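What follows is each chain in one-letter form.
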Amino acid sequence: MSAKQRIFPVFVPHYGCPHQCVFCDQKSISGQFEPITPDSVRSKIEKMRQGIKRKEQMQLAFYGGSFTAIPESLQNAFLEAAVPYIEDQTFTSIRVSTRPDAIDRQCLEKLKRYHVETIELGAQSMDEEVLLLSGRGHTAEDVRIAASLIRDFGFELIIQMMTGLPGDTISKTLKTAHKIASLHPDGVRIYPTVILRDTPLFEKWKAGVYREHSIEEAIEYCAAIVPVFQQEGIRIIRIGLNPSDDLSSGEAAGGAYHPALGELVINRMRYTEMAELLRKIPQDSDVTICVPAALLSQYTGQHRSNVEKLKDCFRLKSLRIRPVKDDTVTVYTEPFQKGNSY
Ligand code: SF4
């Protein structure tokens, strides 16, 4: 899929899911509470088409369930509802999300025939204990087999992983990221665990059996794994659940829900990078850090939080972050001149 292509999502919440994963409530995540049928797929697309002002490249996505585990006749009916809109070029192709244990050659052959180009595979973790405690009902080996089949068939492969599930630790999260990177997906989505009201995880949390994955912990975990994907050139499509009114107004009862989580993770990575450079600087110095202009806000952090924290942590007299045209990051002590760069 081209980077500029927009996704038009149709949610089929929990359709095809053989298990209740402890953390999941697709209805509250998607806001789709009514049952969905092939007719309602058609009417959603028609409504969207009426609102389009300018023609743009779009992919139709069936999200929120285990698409390839939906009973065959309904699965085909959903796809057939979409086909005329591929033929008239409303959409370039179709994308589906599904489970690793619901992938086989036969279903992939069928998806090819129906113009599916992208498959999002919910792996969530590559640690057997985490998978078990999360009620996933599949193994890490299922993820490996499914990913390899999807790639062999030439689909674009996106893998979804989570951090902070029951039994997870930062070292398990790191191992999961390395194992997922070794499957060579085209992209990943990283979802730190959010405790959704009335899910089994919510009950475990209330009973004190599950400790929540705080926003701070999620930032730490994600800042550790983002470089794993970046080093392999794997696109990170999203970090954190898409914000919604339902989630913000109480459906997200605890855990790592923050509308700008991805931004906080990147800011943390920039903080660590600057902290490494400041280690050599004597206390009480007046310091300027020159950073690429386009990335200035990532380095300063939200509300200049990185600047204030670094200044305190390294006991500096002053700290300025200055945008420059260069791509490099350089630290200077006052007076701000070449000989004083580190
Ligand atoms: S995580 Fe995926 S498989 Fe599990 S219940 Fe939710 S949609 Fe279904």
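Parameters and conventions
- Residues numbered from 1 in each chain as written.
- Predicted model: local features only at pLDDT ≥ 70, side-chain atom pairs only at ≥ 80, totals over all residues.
- Heavy atoms only, no water.
- Near = heavy atom within 4 Å.
- Nonpolar A, V, L, I, M, F, W, Y, C, P; charged D, E, K, R; others polar.
- Buried < 20%, exposed > 50% of the residue type's maximum accessible area, 1.4 Å probe, protein only.
- Helix = DSSP H or I, 4+ residues; strand = E, 2+ residues; numbered from the N terminus.
- Arc of directions from axis to C-beta.
- Contact = heavy atoms within 4.5 Å.
- Polar contact = N/O pair within 3.5 Å; in protein donor to acceptor, adjacent residues only side chain to side chain.
- Core = buried A, V, L, I, M, F, W, Y, C linked by side-chain atoms within 4.5 Å.
- Expected span 1.5 Å × (residues − 1).

It is not clear to me how the site of the ligand should be interpreted in this structure. Could you clarify?
Surveying the vicinity of the ligand reveals the residues His14, Cys17, His19, Cys21, Phe23, Cys24, Gln26, Gly64, Ser66, Arg99 and Arg136. Across the shell around the ligand, the residue classes break down as four nonpolar, five polar and two charged.

How should I be thinking about helix α4 (residues 105-113) in this particular structure?
Three- or four-residue spacings in an α-helix give side chains the same orientation, since the helix completes a turn every 3.6 residues. Regarding α4, the residues found buried are Cys107, Leu108, Lys110 and Leu111. When α4 is viewed along its axis, its buried side chains cluster within an angular range of 160° and face the same direction. Exposed and oriented more than 90 degrees from the buried face of α4 are Gln106 and Arg113. Packed against the buried residues of α4 are α3 (72-87), β3 (93-98), β4 (116-124) and α6 (140-152). Where α4 begins, the capping side chain belongs to aspartate 104, and its oxygen is found 3.3 Å from the backbone nitrogen of glutamine 106. A positive phi of about 70° marks histidine 115, the residue just after α4.

Is there a simple way to explain the nonpolar core in this structure?
Generally speaking, nonpolar side chains in soluble globular proteins are found buried as a group. With 63 residues, the main nonpolar core has Phe62, Phe91, Leu108, Leu111, Ile190 and Phe229 as its most contacted residues. In this structure, isoleucine 190 is in contact with Met161, Thr163, Cys222, Ile225, Val226, Phe229, Ile236, Arg238, Ile239 and Gly240, ignoring residues within four places of it in sequence.

Is there a simple way to explain the environment of aspartate 286 in this structure?
Of note, aspartate 286 is situated in strand β10 (residues 286-292). Distance in space between the C-alpha atoms of aspartate 286 and lysine 311 is 9.8 Å, their sequence separation being 25 residues. Leaving out residues up to four positions away in the same chain, aspartate 286 has contacts with Lys317, Ser318, Tyr332, Thr333 and Glu334.

It is not clear to me how the side chain of arginine 99 should be interpreted in this structure. Could you clarify?
Topologically, arginine 99 is positioned in the loop between β3 and α4. Its relative accessible area of 5% is what places arginine 99 among the buried residues. Polar side-chain contacts of arginine 99 include one of 2.8 Å to the side chain of aspartate 101. Dropping the residues within four chain positions of it, arginine 99 is found in contact with Pro18, His19, Cys21, Ser66, Leu121, Arg136, Gly137 and His138.

Just checking my understanding: could you explain the environment of asparagine 306 for this structure?
Here asparagine 306 lies in helix α13 (residues 305-313). For the pair asparagine 306 and glutamate 128, spaced 178 residues apart in sequence, the C-alpha to C-alpha distance is 37 Å. Ignoring sequence-local partners within four residues, the contact set of asparagine 306 consists of Asn267, Arg270, Tyr271, Met274, Gln298, Tyr299, Thr300 and Gly301. From its side chain, asparagine 306 meets the backbone oxygen of tyrosine 299 in a polar contact 3.0 Å long.

Which parts of the structure should I look at to understand α3?
Taking 1.5 Å of rise per residue, 16 residues should cover 22 Å, and α3 covers 22 Å from first to last C-alpha, within 8% of that figure. Of the positions making up α3, those classed as buried are Gln75, Asn76, Phe78, Leu79, Ala81, Ala82, Val83, Tyr85 and Ile86. On its buried face, α3 sits against α2 (38-51), β2 (58-63), β3, α4 and β4. Of the residues one or two after α3, glutamine 89 is the one with positive phi, at around 65°.

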